[in-house]
Structures are given as C-alpha cells and as structure tokens.
2 protein chains.
Amino acid sequence: MSLVLDPTAQDLLFREARTANTFTDEPVTDEQVQAIYDLVKFGPTAFNQSPLRITLVRSPEARERLVQHLAEGNRAKTAAAPLVAILSADNEFHEELPALLPHFPAAKDMFFSERPVREGSAAMNAALQAAYFIIGVRAAGLAAGPMTGADLAGVQKEFLDDDHTPLMIVNIGKPGEDAWFPRSPRLEADQVITTV
Amino acid sequence: MSLVLDPTAQDLLFREARTANTFTDEPVTDEQVQAIYDLVKFGPTAFNQSPLRITLVRSPEARERLVQHLAEGNRAKTAAAPLVAILSADNEFHEELPALLPHFPAAKDMFFSERPVREGSAAMNAALQAAYFIIGVRAAGLAAGPMTGADLAGVQKEFLDDDHTPLMIVNIGKPGEDAWFPRSPRLEADQVITTV
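The rules behind these values
Residues numbered from 1 in each chain as written. Chains lettered and ligands numbered in written order. Predicted model: local features only at pLDDT ≥ 70, side-chain atom pairs only at ≥ 80, totals over all residues. Heavy atoms only, no water. Helix = DSSP H or I, 4+ residues; strand = E, 2+ residues; numbered from the N terminus. Rg over C-alpha atoms; globule rule 2.2 N^0.38 Å. Buried < 20%, exposed > 50% of the residue type's maximum accessible area, 1.4 Å probe, protein only. Contact = heavy atoms within 4.5 Å. Areas by Shrake-Rupley, 256 points an atom, 1.4 Å probe, with all protein chains shown as cover. Lys, Arg positive; Asp, Glu negative; His and termini not counted. Charge placed at Lys NZ, Arg CZ, Asp CG, Glu CD. Least-squares fit on C-alpha atoms with pLDDT ≥ 70 in both. Buried area = accessible area lost by both parts, 1.4 Å probe. Salt bridge = Lys/Arg side-chain N within 4 Å of Asp/Glu carboxyl O. Polar contact = N/O pair within 3.5 Å; in protein donor to acceptor, adjacent residues only side chain to side chain. Pairing = 2+ DSSP bridges. UniProt positions renumbered as here; feature names shortened; annotations may be inferred. pLDDT = per-residue confidence, 0-100. Axes fitted to C-alpha atoms, helices over the stretch in contact; angles between N-to-C directions. Parallel < 35°, antiparallel > 145°, perpendicular 65-115°, else oblique. Left-handed = near helix turned anticlockwise from the far one by under 90°. Nonpolar A, V, L, I, M, F, W, Y, C, P; charged D, E, K, R; others polar.

As named in an unreviewed UniProt entry, chain A is Malonic semialdehyde reductase, taken from Streptomyces triticiradicis.

Peer 1: Any chance you could explain the overall build of chain A here in plain terms?
Peer 2: Check the secondary structure of chain A and you find nine helices and five strands. Ordered by position from the N terminus, the helices and strands of chain A form the series α-α-β-α-α-β-α-α-α-β-α-β-α-β. Expected size for 196 residues packed as a compact globule is a radius of gyration near 16 Å; at 18 Å, chain A falls within 12% of this value. For chain A, the spread of C-alpha atoms along the principal axes amounts to about 50 × 50 × 35 Å. Evaluated residue by residue, chain A yields a buried proportion of 57% over its 196 residues. Long-range contacts, defined here as pairs at least 24 residues apart, represent 80% of the contacts in chain A between residues at least 6 apart. Surface accessibility of chain A: about 8,200 Å² in total, with carbon and sulfur atoms responsible for 54%. Computing the positive centroid from 17 side-chain charges and the negative centroid from 27, chain A places the two 2 Å apart.

Peer 1: Could you clarify how one ought to interpret the relation of the copies chain A and chain B in this entry?
Peer 2: Here the second copy of the chain follows from the first by a rotation about an axis and a shift along it. Each copy superposes on the other: chain A lies on chain B with an RMSD of 0.0 Å after a rotation of 180 degrees and an axial shift of 0.0 Å. When the rotation and shift are considered jointly, the pair of chain copies conforms to a two-fold rotation axis.

Peer 1: How should the interface of chain A and chain B be read in this particular structure?
Peer 2: Think of interface size as the accessible area that goes away when the parts come together; that is how it is often given. Contact residues are listed per partner, giving 72 residues for chain A and 72 residues for chain B. Summed over both partners, the interface of chain A with chain B comes to about 6,300 Å²; 69% of that surface belongs to carbon and sulfur atoms. For the chain A face of the interface with chain B, the top three residues by lost area are Phe-14, Phe-42 and Val-196 of chain A, together amounting to 12%. The interface formed by chain A and chain B contains zero salt bridges. In this assembly, chain A and chain B are joined by 28 residue pairs in polar contact (both at pLDDT 80 or more). Of all the secondary structure elements, the ones that give two or more residues to the side of chain A that touches chain B are helix H1 (7-15), helix H2 (30-40), strand S1 (52-57), helix H5 (97-100), helix H7 (115-139), strand S4 (164-173), helix H9 (189-192) and strand S5 (193-195) of chain A. As paired elements, S5 of chain A and strand S1 (residues 52-57) of chain B share three bridges and run parallel to each other. Within S1 of chain B, the position partnered with Ile-193 of chain A by the bridge is Ile-54 of chain B.

Peer 1: What should I look at first to understand the UniProt feature "domain: Nitroreductase" (unreviewed entry) in chain A in this one?
Peer 2: Under the local residue numbering, the UniProt record ascribes the feature "domain: Nitroreductase" (unreviewed entry) to residues 17-174 of chain A. Helix makes up 44% of residues 17-174 of chain A and strand 18%, whereas the separation of the span's terminal C-alpha atoms amounts to 11 Å.

Peer 1: I would appreciate a short explanation of the confidence of the model for chain A in the present structure.
Peer 2: When pLDDT drops low, the exact placement of atoms in the prediction is not to be read closely. Scored by pLDDT, chain A has a mean of 97; 100% of the residues are at 70 or more. Interface confidence for the predicted complex, expressed as ipTM, amounts to 0.97; the pTM equals 0.98.

Peer 1: Honestly, the pairing of strand S2 (residues 83-90) of chain B in this entry has me stumped. Any pointers?
Peer 2: Remember that side chains alternate between the two faces of the sheet whenever the strand is regular. All names here are of chain B. Here S2 lies mainly inside the structure; eight of its eight residues are buried. Of the two faces of S2, both are covered, the one formed by Leu-83, Ala-85, Leu-87 and Ala-89 as well as the one formed by Val-84, Ile-86, Ser-88 and Asp-90. Where S1 meets S2, six bridges bridge the pair, whose relative direction is antiparallel. If you follow Ile-54 over to S2, its bridge partner there is Leu-87. Where S2 meets strand S4 (residues 164-173), eight bridges bridge the pair, whose relative direction is antiparallel. The residue of S4 that forms the bridge with Ala-85 is Val-170.

Peer 1: Can you walk me through the packing of H7 of chain A against helix H7 (residues 115-139) of chain B in this structure?
Peer 2: How two helices sit against one another is set out by the angle between their axes and by the gap between those axes. Where H7 of chain A meets H7 of chain B, the axes come as close as 8 Å, and the angle between the chain directions of the two elements is 55 degrees. On the basis of the axis angle, H7 of chain A is oblique to H7 of chain B. Judged by the sense of rotation from one axis to the other, the crossing of H7 of chain A with H7 of chain B is right-handed. Here Met-124, Ala-127, Leu-128, Ala-130, Ala-131, Tyr-132, Ile-134 and Ile-135 of chain A of H7 of chain A lie close against H7 of chain B, whose contacting residues are Met-124, Ala-127, Leu-128, Ala-130, Ala-131, Tyr-132, Ile-134 and Ile-135 of chain B. By residue class, the composition of the contact of H7 of chain A with H7 of chain B is 16 nonpolar, no polar and no charged.

Peer 1: It is not clear to me how the pattern of salt bridges should be interpreted in this structure. Could you clarify?
Peer 2: Any two side chains of opposite charge can pair, given that their charged atoms come close. If you walk through the whole model with that rule in mind, you get 26 salt bridges over all chains. Arg-115 of chain A serves as the salt-bridge partner of Glu-92 of chain A, at 2.9 Å between the closest nitrogen and oxygen. Of this pair, Glu-92 of chain A sits in the loop between strand S2 (83-90) and H5 while Arg-115 of chain A is found in helix H7, placing the two residues 23 residues apart along the sequence. Close ionic contact of Lys-108 of chain B with Glu-95 of chain B constitutes a salt bridge, the shortest N to O distance being 3.2 Å. With Lys-108 of chain B in helix H6 (residues 107-111) and Glu-95 of chain B in the loop between S2 and helix H5 (97-100), this residue pair connects regions lying 13 residues apart in the sequence. On the basis of relative accessibility, which here comes to 48%, the residue Glu-95 of chain B falls in the partly exposed class. Within the structure, one salt-bridge network assembled from shared partners comprises Glu-92, Arg-115, Arg-118, Glu-119 and Asp-163 of chain A.

Peer 1: Just to check I follow, could you spell out the environment of Glu-188 of chain B for this structure?
Peer 2: As for its position among the elements, Glu-188 of chain B is in the loop between S4 and helix H9 (189-192). A relative accessible area of 44% places Glu-188 of chain B in the partly exposed class. Not counting chain neighbours up to four residues away, the residues in contact with Glu-188 of chain B comprise Tyr-37 and Lys-41 of chain A.

Here it is as structure tokens:
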C-alpha cells in the first residue's frame, strides 16, 4: 500500500465519490458550508492568495434567475438541488495579500500591479481552491455536482460584478435516486506520466 | 461535527499538511506516484477531460536544467528534493474525449474545435487536477511543495512543446528539518461566502 490515507477516506473523497445528478430533500446548512470552508481554506495557493469566492444561491427567486443561465440539461437538477453555489475568482485578490502574506507584503505591488496578470493568477488559484472545495463537500458526506455548462457571462452579470469571474456552478446535497451515470473511463498513469 | 471525514484524514490532507521547503533523503518511488495518480484520477472535470500531464524530473542532468529556470529562492530546495514534477496542461486533450466520454463523443467537435477554447478549458481543468494531485501526494504521506516562481516559458521550451502549457512545479518528499514557515493567515468564511 503506497497510500497512507485510510481506504474509507479514499473512497469518500475519490473512489466512490461521484458527480451527482439527483439529490434528496435533506437541506445543506450554513454550518456545513462553514465547516467545509474551514477545512479546505488550508489548501495551498501561490503567494497564499485566496481568490475563490462562494455565492450560495438559497432564495427561490435567486435560484430561478440562476437556472435561466444554465444549459438545458443542467436546469432541472439545479432547480431541485438542496444548495447551489456559484464559485468565482476575485480578480482584486491582491488587496488581501499583505494580510495573507505578512512576511512579504511587497508581493502585492511587485507581482500583481497589472490586471491581466491578476486575472491569470486568480483563475488558476481559484480553480485550485474550487477543487479543494469539491473535496471538502465530499468530506462533509455530501455529493457535489460541478457544472460549467452555462452562460457564465450571464451568470456574472446577474450575480457578480466585473471584478469577479465565475468558474463553475456546484450543486450540493445528499445523492438521490439514480444519482449518477456509469463511471466513465480515466486515462491510465502511463498516458499521463513521463519521466526525464 | 459537520464533517464525515475522519479527523486524522482532515489533518493529513489539510489541517497539518504544509508546503514543505526541505525534505529528507528518502526516495519517492514510481509506485508511490502511480498510487497517487490512481487515486486522484477520479476527481471530477468538465466533460471528464483529463488535460493534466505529469513530467517527473528524475535524472540529475534534467534536474539541473530545470533548476536554471526557477526563481532564485526556489533553486536549492528543488535541487535537493527527492522528486520534482512539472505539471502541465495538454491543449490537445480533446483528442481523448471520445474515449473518456463514450456516451457523448460528439463533445470533441461540438465544443473544442477551436484552440483558444481548448486552452482555456485545459488550463482550468488541469488546475483542478493539479489540486487533486497535491491532495494525493499528501494522501501518500508525503509533502508537496508547489511553485509557480519560475520562467514557465523557459520550462515549456526545455521540457515540453507548444501543445503543453506548464502550470507549476511540485517538489515531493518526506518533510525534512525546519520544513516550513509559520502558517500564514487565511480568509475567514464570512470574507469568502455570500448568500443570495
């Protein structure tokens, strides 16, 4: 066994965890979301930046507005999910760097004075944080249903602003009946890993 | 307790895991890397794409070539790490989509016929997979030291090709003496999460 992580945890986070397409009615509480965040906030990023923003779409009115911007095939399940989160990247994350990187506050101005550089860094590091968040949802015993099939520019206009770029929408809840399609294939290690 | 994941696993993957700056001499084997990949390959991506590529820099000659492209502060630790991986995004990932998404092989041509679209999708989804990989390194009881402080264009020219965009370099091994700086602050949940 090359892995130290307990097999039960391996199953919970990766091997048996699946992208759910149906959910039970059981609510997902703010306390659960807080616990998820308080776990995954420790995931590493460049310069300890923290560009990920999480918009919880809870009100029926807001849910309805969101669903309009989704691809047809994503609408019914998103309308019915116990909780839906819009994950976005804050392109002005550098304003927080002096607080997040107290031993190197100059990083803010040395590396991130230009908006295009910030957008690139925010996109990659918020994506890392989005992956940590998905793992965290699973650590809470919940299923995540991440989706990019949406008019993301429309989602941005409807819920965010010019400084926040949406990455994906994530349905969250306990998996319901027929929650997933059969597992699709993955690339084998020798298709992905080379040695020099 | 809002989390189902065992507290020992929480510590291993997030709470006590740290970005290591020193390592012991203990080797990291190909079997360990294979086990890490075979766990994290199940992490979700859009259209089940798999753009992440992992280049293991094992030979002293290749390690020396890589180190030249790193920021000064990243050189000594990378020269000394038991294993170093270059993580990159394969911008031609769509060629594998019919195999990876057998129920929707048309996705390859419907969504990914244009290179700029592929590059954007590869960048985000390879970043998700890079985060899963970092979690997997920790699941193997090893520390990861991800770095973007490098001339990534130089790394691409030296080790990859025009179809592969480097995302980061990751040092991997058992943490050594004085392996980490004090933990830097994180944003609180109420700075990151809003509800609509």
